[in-house]
Amino acid sequence: MRMPIDFMYITNNPEVALIAEKSGVSRIWIDLETLGKEERQKNMNTVKSHHTVRDVAVVSNVLTSSETLVRVNPWNEGSVDEIEAVISAGADRIMLPMWKTVSEVGRFMETVNGRVHTTLLLETKEAVEILDEVLKNPLLDEIHIGLNDLHLSYGLTFMFELLSNGTVENLCKRIKARGIPYGFGGIARMGEGAVPAERIMMEHYRLGSTRAILSRSFCNAEEIRDIKTIETVFSENMTRLREYERTLAFKTDEEYAENRQAVQNSVSEIVSMMNKRNAL
């Protein structure tokens, strides 16, 4: 029996972080990445956080069981100082985004030097090309496949094209062969999502993914201002998610194959619709 998926949730609000922890979220994500993000994701309805190193300290001080995960900026001349600052602030895990060379990964790992856990966020086509070399690094803890920026890197229309065209499956097989934990993308609340969350969850299980981000739609704490309402929404959605997750151990190979085909069909329809809209 495999362990439940480790879920991550982005927030710098300590009250919301505690609600997520209480609901069983393994990692509270503080997002410091700003370099190049606005340009890459302009005109896209994506999460662009404005978190600070102080948020790392505030959130890490209230958590008792969940990790404080900090996404820093892509490797740059200020990376060593940034990493030192977030470790001092109480980060349990540091995520490196947008890496493109073996050297960047090596310098990141050497700077962290095993003081906290690390996650490599694979989200460039250059990273895909050098993945096998990166996987040889003995300090590597885990890899998360970032579907949003990776699909942009490949010039695709919709992030789940990477799931339907076999790219994610290929990456998962390569990472799994090295015995490294991995995950990809995010999960909406049950019954929602451009591709229904239930179908994406089945793909996580089929591909051996053990990590996933809870998307903004799962519980949008920036729109729901009342903390009691946030607690109710989060608790209800996590309960539904975990209940569905428990059923996946009993799915047959045929059901997983049918689900994969359904995902491919849904993605094809969505891409067609998006392309027609963009052509107008």
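So, here's what we can say about the structure. Since we're looking at a predicted model, the values are computed, not measured. Here the residue numbers are simple positions, counted from 1 along each chain's written sequence. For this predicted model, a pLDDT threshold of at least 70 governs which residues receive local features, and a threshold of 80 or more governs which side-chain atom pairs are given and counted, while totals over whole chains, interfaces and linings are taken from all residues. With hydrogens and water stripped out, all remaining heavy atoms of the structure feed into the side-chain values.

Brief notes about the overall build of the chain
Condition: Helix and strand assignments come from DSSP, with helices taken as H or I runs of at least 4 residues and strands as E runs of at least 2, each series counted from the N terminus. Radius of gyration: over C-alpha atoms. The globule rule applied is 2.2 Å multiplied by the number of residues raised to the 0.38 power. Remark: exposure states derive from per-residue accessible area (1.4 Å probe, protein chains only) relative to the maximum for the residue type, with buried under 20%, exposed over 50%, and partly exposed in between. It only takes one pair of heavy atoms within 4.5 Å for two residues to be counted as in contact. Per-residue accessibility takes into account occlusion by the displayed protein chains alone, with areas from the Shrake-Rupley method and a 1.4 Å probe. For the purpose of counting charges, residues Lys and Arg are taken to be positive, whereas Asp and Glu are taken to be negative. His and the chain ends are not included. The atoms used to mark charge sites are NZ of Lys, CZ of Arg, CG of Asp and CD of Glu.
Scanning the chain for helices and strands turns up twelve helices and nine strands. Relative to the 2.2 N^0.38 estimate, which gives 19 Å for 280 residues, the radius of gyration of the chain is 18 Å and therefore close to what a compact globule would have. The principal-axis extents of the C-alpha atoms in the chain amount to approximately 50 × 45 × 45 Å. The proportion of buried residues among the 280 residues of the chain is 50%. Long-range pairs, those at least 24 residues apart, make up 70% of the contacts in the chain between residues at least 6 apart in sequence. Of the accessible surface of the chain, which amounts to about 13,300 Å², a share of 49% is contributed by carbon and sulfur atoms. For the chain, the centre of its 33 positive side-chain charges and the centre of its 41 negative side-chain charges are spaced 3 Å apart.

Here we look at the nonpolar core
To be explicit about the condition: The nonpolar core is taken to be a set of buried Ala, Val, Leu, Ile, Met, Phe, Trp, Tyr and Cys residues, with the residues joined through side-chain atoms within 4.5 Å.
Counting 80 residues, the largest nonpolar core has Ile 94, Leu 120, Met 201 and Phe 234 as its most contacted members. If you tally residues by element for this core, the top one is helix H11 (residues 227-247), at six residues. Apart from residues lying up to four places away in sequence, Leu 120 is in contact with Leu 96, Trp 99, Val 105, Phe 108, Met 109, Val 134, Leu 140, Glu 142, Ile 143 and His 144. Of all hydrophobic cores here, the second largest spans six residues; its members include Met 8, Trp 29, Leu 69 and Met 95.

Concerning the side chain of Thr 111
Here Thr 111 is to be found in helix H5 (residues 102-112). On the basis of relative accessibility, which here comes to 15%, the residue Thr 111 falls in the buried class. Dropping the residues within four chain positions of it, Thr 111 is found in contact with Trp 75, Val 80, Ile 83 and Glu 84.

What to know about the packing of helix H6 (residues 125-134) against helix H9 (residues 167-177)
Working note: a packed helix pair is described by the angle between its axes plus the distance between those axes. The criterion, for reference: Note on method: axes are straight lines fitted to C-alpha atoms, helices fitted across the in-contact stretch only, with angles between N-to-C directions ranging 0 to 180 degrees. Geometric relationships in this document are graded by angle, where less than 35 degrees denotes roughly parallel, more than 145 denotes roughly antiparallel, 65 to 115 denotes roughly perpendicular, and other angles denote oblique. Put simply, a crossing is left-handed when the front helix is turned counterclockwise from the back one by less than a right angle, and right-handed when it is turned clockwise.
Where H6 contacts H9, the axes come no closer than 10 Å and their chain directions differ by 15°. When the axis of H6 is compared with that of H9, the two are roughly parallel. Along this stretch, H6 crosses H9, giving a crossing that reads as left-handed. Here Val 128, Leu 131 and Asp 132 of H6 lie close against H9, whose contacting residues are Leu 171, Arg 174 and Ile 175.

Notes on helix H4 (residues 79-89)
For the record, the criterion: This arc corresponds to the set of directions leading from the helix axis out to the C-beta atoms.
Turning to H4, its buried residues number three or more, namely Ser 79, Glu 82, Ile 83, Val 86, Ile 87 and Ala 89. The buried residues of H4 occupy an angular sector of 160° when the element is viewed end-on, so they sit on one face. Across from the buried face of H4, at angles greater than 90 degrees, the exposed residues are Asp 81 and Ser 88. Summarising the contacts, the buried residues of H4 are in contact with helix H3 (53-62), strand S3 (67-71), strand S4 (93-96) and H5.

Concerning the pairing of strand S2 (residues 27-31)
To keep things clear, this is the line we draw: Should DSSP find at least two bridges between two strands, the strands are taken to pair. The crossover handedness rule: strands pointing away from the viewer, path from first strand over the helix to second strand clockwise, crossover right-handed.
Of all the five residues making up S2, five are buried; the element is thus mostly covered by neighbouring parts of the structure. The alternating pattern of S2 places Arg 27, Trp 29 and Asp 31 on one face and Ile 28 and Ile 30 on the opposite face, and all of these are buried. Bridge count for strand S1 (residues 6-10) against S2 is three bridges, and the pairing is parallel. For Ile 10, the partnering residue across the bridge sits in S2 and is Trp 29. Once you follow S1 into helix H1 (residues 14-22) and on to S2, the crossover reads as right-handed. Pairing geometry for S2 and S3, over five bridges, is parallel. Residue pairing across strands places Ile 28 opposite Thr 68, the latter belonging to S3.

What about the packing of H1 against H11?
Heads up, the rule is: Only Asp, Glu, Lys and Arg are considered charged in this grouping, and only Ala, Val, Leu, Ile, Met, Phe, Trp, Tyr, Cys and Pro are considered nonpolar; every other residue, Gly among them, is considered polar.
Close contact between H1 and H11 brings their axes to 10 Å; oriented N to C, the two are set at 25°. Viewed along their axes, H1 and H11 adopt a mutual orientation that is roughly parallel. Viewed along their axes, H1 and H11 form a crossing whose handedness is right-handed. From H1, Glu 15, Val 16, Ile 19, Ala 20 and Lys 22 reach across to H11, where they touch Ile 227, Ile 230, Glu 231 and Phe 234. Residues belonging to the contact of H1 with H11 are distributed by class as follows: six nonpolar, no polar and three charged.

What about unusual backbone geometry?
Of note, Met 98 is a non-glycine position whose phi angle comes to about 55°, a positive value. Note on placement: Met 98 falls in the loop between S4 and H5. Judged by its relative accessible area of 13%, Met 98 is buried. With phi around 55°, Asn 113 is a residue other than glycine that occupies positive phi space. With respect to the element layout, Asn 113 can be found in the loop between H5 and strand S5 (117-122).

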